[in-house]
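Notes for the structure review
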Amino acid sequence: MTATIAPTDVPAPGAPAPSRVSVARAYRFELVKLLAQWRVRLLILACWIGPGLLVVAVSQQASLPADTLFGRWMHATGWAGALVVLGFAGNWVLPLLTSVVAGDVFSSEDRLGTWRHLLVAVRSPRRIFLSKALASGTVLLLLVPGLAVSGVVGGLVVGSRPLAGLDGHLLSPADAAGKLLLAWACVLAPTLALAAIGLLGSVALGRSPIGLLLPAVVGIGLQLAQSLPMPVAIRLALPGYVFLSWNGLFTSPQQLGPLLIGIAASLAWAVTATMLAYLLFMRRDFTSLAHDGSGRRVITWGILPMAGLIAATAGIVALATGATGSGIEQGKVQQSLATEFAHLYRLQSSELNHMDVTEAQLHVTASCTKGDGMVAPDGPGNDWRCYVYWHLPGVNATGNAIYQLDVNPNGRYVADGDGPKEVNGYFLVHTRYGDAPNPLWQFDGNVDLLPAPSKG
Amino acid sequence: MRARGLVKSFDDVVALDGVDLDVVAGQVHGVVGPNGAGKTTLLGLLLGLAVADRGSLEILGRPAGRTEYALAAPDGVTGFVDGPGLYPALTARGNLAALAGLRGPGARTAGIDDVLEQVGLTDVADDKVRGFSLGMRQRLGLAAALLTRPRLLVLDEPYNGLDPAGKRHVHGVLTQLAADGATVVLSSHRMDDLEALCSEVSILVTGRVVFTGPLSKLAAANREIDYRLVTSDQAAARRVAADATGVRVVDDAGTRPDPEVLVVRALVPALDELVPRLIHAGLAVRELTPVVSPLESAFLALTEQQESSR
């Protein structure tokens, strides 16, 4: 039965039209809410102070984090500390920051039960989405520069001295600073990708803690994936690869191919995940209090499209670059090791006050085998063994030294000197900043995973 | 506000089933009904949070609903359903300032201090909402709604958690708002509050409007209700009542037994005849009030009737 009430009012002519709040005002509203949270304030403080303190504190220690890229150089120069911060941030801090900020920006409204209030106040789901995405991006842009600046300040406190690059060549402090800032700019791309995944998780999974943790889980998952053997085209298609490939800026010539591909892949992830989050958000029914995520839509609107994006990106990378297999080949390993040995030999000579010999005069070559020659010399593994040969001007004999290489699937390797002791064994050398291990004893290197461009 | 044939379903559940409703400007209109009757869904439609599957809804002269990109509720419509939306990390003033900031300097808004004073929260204006009680949140939610100088205010259970002082503040604010020409539509389970405030009510049962109109129409409806009768001599009053036409003495009214109170059941005309008979018998009538309010009585009767007809 339906009852109808008696007299009705005649609608007033010229009644007010719906007036929506501008994106700028909604954005400011979202910023106010985000910055009012104690945990966001704490994060800002931690990002702007923590890395600097960490660099100074670690640089004072006798034992350095040699398993972290540039960690073994933290006594030598403060720029190494700033780079350690960048590496650590890419592995752990940035995924966590994106989780706390972007991973919670939509689900917090679910938790607080404020969606309807927000919709009535702003009157446009689209503008709410835009303002939330922009506000979370802004907060991340407050946090990330803090990490960079704080790390640099800590490094400057330790000392601004030349930095040995990833191929052993020395970078002036100004050069190191420029490349460091460029590297931070590059990692903004995967940070945006993780933030977009955070938005997607926050929209799709509602109050579920999995939504909040999604960027961290994905970030750490990608980091683990990068340590596993896989075709190089797939590796480069994953959004987290830039967290590793920025180290290509610290070689000469710079390994820009993997870095640029990684940035493009990350931006594609950022755009796709944001679009998916937007579409899911616009289809949400805000009248149901019991809404707790988009259930099955997560698969059709989240997982499947992102898997498709990886496949498409990997296909494009494979076609465009011709990259196949792991990308780690005998020739590349030998070339990388020989180049780095030459640079570090020159550094060692300088520290030992020996005659300066140029890299060209040394004419270093390397010969590497894998698994004692029992397996094909390609791919990752800790069973690479290399002989390095060099010449000194005026000396007929050819110098040689042996290295054990542990080559990571992502192209990074650690070379461990295996004699002769006088060349690449462990001993201390006197430097301007104090005693330091022989630079030829153990060092980090990097193999460009992409095929070398064909000449001619 | 004019609704015609509103139908809204959620999957297999029909929340509203052909609702017609008119609410005129300057009126406080109550919406009552048992749990699951569709009250919140109806209020959500008024706020533009959802769009009806069928039917038409006009608010302030414009069609309401939600398009893909925007709420199409006109400017001047505000309120809350399922409790006010507040941000615990902000103070009361911070919540209101952030909302006021959404509308910009040229917008028609009330002063933050003014609305805080109206709802009696001036003393806690700078406290974080995190520590607020439910009643304080309700009042702050009302203040947030007042900030936009609403022409249609939609409130879902605004009396939840309110202490007597808070209730007085809310009553005062809503009455004044209606006196100023705004329309207020509110739902509540507290019939006494609705009776004190509303000029008209609608009763919803299982998604349908089973009554809508002025409260006086409910009281005058052809329905016997129970009254508490206290006189100077209850034994004599019992005899007079028992002899009166159309009046029954009720001994099992479901209320706490009280020898000083007689419960009689009658239509209003029969009650009108009982009073002079009591006086004629030399009895002083000290109290004659409904055991339950006319609204609650009607609500119970109509919902029971609806349930039994299903």
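The preceding data block contains the structure.
These lines cover the structure that appears in this document, whether it is placed above or below. Because the structure is predicted, anything quoted here is derived from the model rather than measured.

Rules and cut-offs
Residues numbered from 1 in each chain as written. Chains lettered and ligands numbered in written order. Predicted model: local features only at pLDDT ≥ 70, side-chain atom pairs only at ≥ 80, totals over all residues. Heavy atoms only, no water. Helix = DSSP H or I, 4+ residues; strand = E, 2+ residues; numbered from the N terminus. Contact = heavy atoms within 4.5 Å. Areas by Shrake-Rupley, 256 points an atom, 1.4 Å probe, with all protein chains shown as cover. Lys, Arg positive; Asp, Glu negative; His and termini not counted. Charge placed at Lys NZ, Arg CZ, Asp CG, Glu CD. Axes fitted to C-alpha atoms, helices over the stretch in contact; angles between N-to-C directions. Parallel < 35°, antiparallel > 145°, perpendicular 65-115°, else oblique. Left-handed = near helix turned anticlockwise from the far one by under 90°. Nonpolar A, V, L, I, M, F, W, Y, C, P; charged D, E, K, R; others polar. Pairing = 2+ DSSP bridges. Buried < 20%, exposed > 50% of the residue type's maximum accessible area, 1.4 Å probe, protein only. Expected span 1.5 Å × (residues − 1). Salt bridge = Lys/Arg side-chain N within 4 Å of Asp/Glu carboxyl O. Disulfide = S-S within 2.5 Å.

**Topic: the overall build of chain B**
The number of helices and strands found in chain B is ten helices and 14 strands. With the principal axes as the frame, chain B shows a C-alpha extent of 70 × 45 × 30 Å. Intrachain contacts of chain B at a sequence separation of at least 6 include 69% that bridge at least 24 residues. If you sum the accessible surface of chain B, you get close to 13200 Å²; carbon and sulfur atoms cover 49% of it. Computing the positive centroid from 31 side-chain charges and the negative centroid from 38, chain B places the two 3 Å apart.

**Remarks on the packing of helix 1 (residues 23-35) of chain A against helix 2 (residues 92-103) of chain B**
For the pair helix 1 of chain A and helix 2 of chain B, the least separation of the axes is 8 Å and the interaxial angle reads 165 degrees. The pairing of helix 1 of chain A with helix 2 of chain B is recorded here as roughly antiparallel in orientation. Of the two elements, helix 1 of chain A crosses helix 2 of chain B, and the hand of that crossing is right-handed. The residues of helix 2 of chain B that touch helix 1 of chain A, namely those facing Arg25, Ala26, Arg28, Phe29 and Val32 of chain A, are Ala98, Leu99, Gly101, Leu102 and Arg103 of chain B. When its residues are assigned to classes, the contact of helix 1 of chain A with helix 2 of chain B shows six nonpolar, one polar and three charged.

**Brief notes about the sheet that holds strand 5 (residues 62-63) of chain B**
Residue and element names in this part refer to chain B. The antiparallel open sheet is built from four strands, whose spatial order is 2-1-4-5. Only two strands of the sheet have a single partner each, and these edge strands are strand 2 (13-22) and strand 5. Relative to strand 2, strand 1 (residues 2-10) runs antiparallel, the two sharing seven bridges. The residue of strand 2 that forms the bridge with alanine 3 is leucine 21. Strands in contact with helix 1 (residues 39-47) are strand 1, strand 2 and strand 4 (54-59); relative to strand 2, the strand with the most contacts, it is inclined by about 60 degrees.

**Here's the deal with the side chain of aspartate 193 of chain B**
Looking at where aspartate 193 of chain B falls in the secondary structure, it is placed in helix 6 (residues 191-197). Classification of aspartate 193 of chain B by relative accessible area gives buried; the value is 3%.

**Details of helix 4 (residues 134-146) of chain B**
Residue and element names in this part refer to chain B. For helix 4, spanning 13 residues, the distance from its first C-alpha to its last is 18 Å, which sits close to the expected 18 Å at 1.5 Å a residue. Summarising burial for helix 4: ten of the 13 residues are buried, a large majority. Of all the residues in helix 4, the buried ones are Gly135, Gln138, Arg139, Leu140, Gly141, Leu142, Ala143, Ala144, Ala145 and Leu146. Packing partners of the buried residues in helix 4 comprise strand 6 (77-80), helix 2, helix 3 (112-118), strand 7 (152-156) and helix 5 (164-179).

**Observations regarding the pattern of salt bridges**
One pass over the full model with this rule turns up 24 salt bridges over all chains. Glutamate 224 of chain B is the salt-bridge partner of arginine 248 of chain B, the closest N and O atoms lying 3.3 Å from each other. Taken together, the positions of arginine 248 of chain B in strand 12 (residues 247-250) and glutamate 224 of chain B in the loop between helix 7 (215-219) and strand 11 (225-231) put the pair 24 residues apart, joining distant regions of the chain. By relative accessible area, arginine 248 of chain B is classed as partly exposed at 44%. Judged by its relative accessible area of 36%, glutamate 224 of chain B falls in the partly exposed class. When salt bridges with common partners are traced through the structure, they connect Glu30, Lys33, Glu109 and Lys132 of chain A into a single cluster.

**Notes on unusual backbone geometry**
All names here are of chain A. Put simply, serine 252 and proline 253 share a cis peptide bond, and its omega is 0 degrees. Residue glycine 419 is joined to proline 420 through a cis peptide bond whose omega torsion reads 0 degrees. Counting through the fold element by element, proline 420 comes out in the loop between strand 6 (412-417) and helix 15 (421-424). If you check the backbone angles, histidine 363 has positive phi at about 45 degrees while not being a glycine. Here histidine 363 is to be found in the loop between helix 14 (359-362) and strand 3 (365-370).

**Considerations on the state of the cysteines**
Covalently bonding the sulfur atom of one cysteine to the sulfur atom of another cysteine gives a disulfide. Residue and element names in this part refer to chain A. Within the structure shown, the criterion is met by one disulfide over all chains. Bridging cysteine 368 to cysteine 386, the disulfide has an S-S length of 2.1 Å. The S-S bond linking cysteine 368 to cysteine 386 shows a torsion near 115 degrees; that makes this disulfide right-handed. Note that cysteine 368 is positioned in strand 3 and cysteine 386 in strand 4 (residues 381-391), a separation of 18 residues in sequence. Each of the two residues, cysteine 368 as well as cysteine 386, counts as buried. Free cysteine: cysteine 47, not disulfide-bonded; nearest cysteine sulfur from cysteine 186 at 19 Å.

**A few points about the environment of valine 115 of chain B**
All names here are of chain B. Residue position: valine 115 is located in helix 3. The buried category is assigned to valine 115, whose relative accessible area is 0%. Contact partners of valine 115, with chain neighbours within four places excluded, come to Leu96, Ala110, Ala143, Leu146 and Leu147.

**A few points about the packing of helix 7 (residues 173-205) of chain A against helix 11 (residues 256-282) of chain A**
All names here are of chain A. Where helix 7 contacts helix 11, the axes come no closer than 8 Å and their chain directions differ by 20 degrees. Compared by their axis directions, helix 7 and helix 11 come out roughly parallel. Between helix 7 and helix 11 lies a crossing whose hand is left-handed. On helix 11, the residues that touch Cys186, Ala189, Pro190, Leu192, Ala193, Ala196, Ile197, Leu199, Leu200, Val203 and Ala204 of helix 7 are Leu259, Ile263, Ser266, Leu267, Trp269, Ala270, Ala273, Thr274, Leu276, Ala277, Leu280 and Phe281. Here the contact of helix 7 with helix 11 is built from residues that sort into 21 nonpolar, two polar and no charged.

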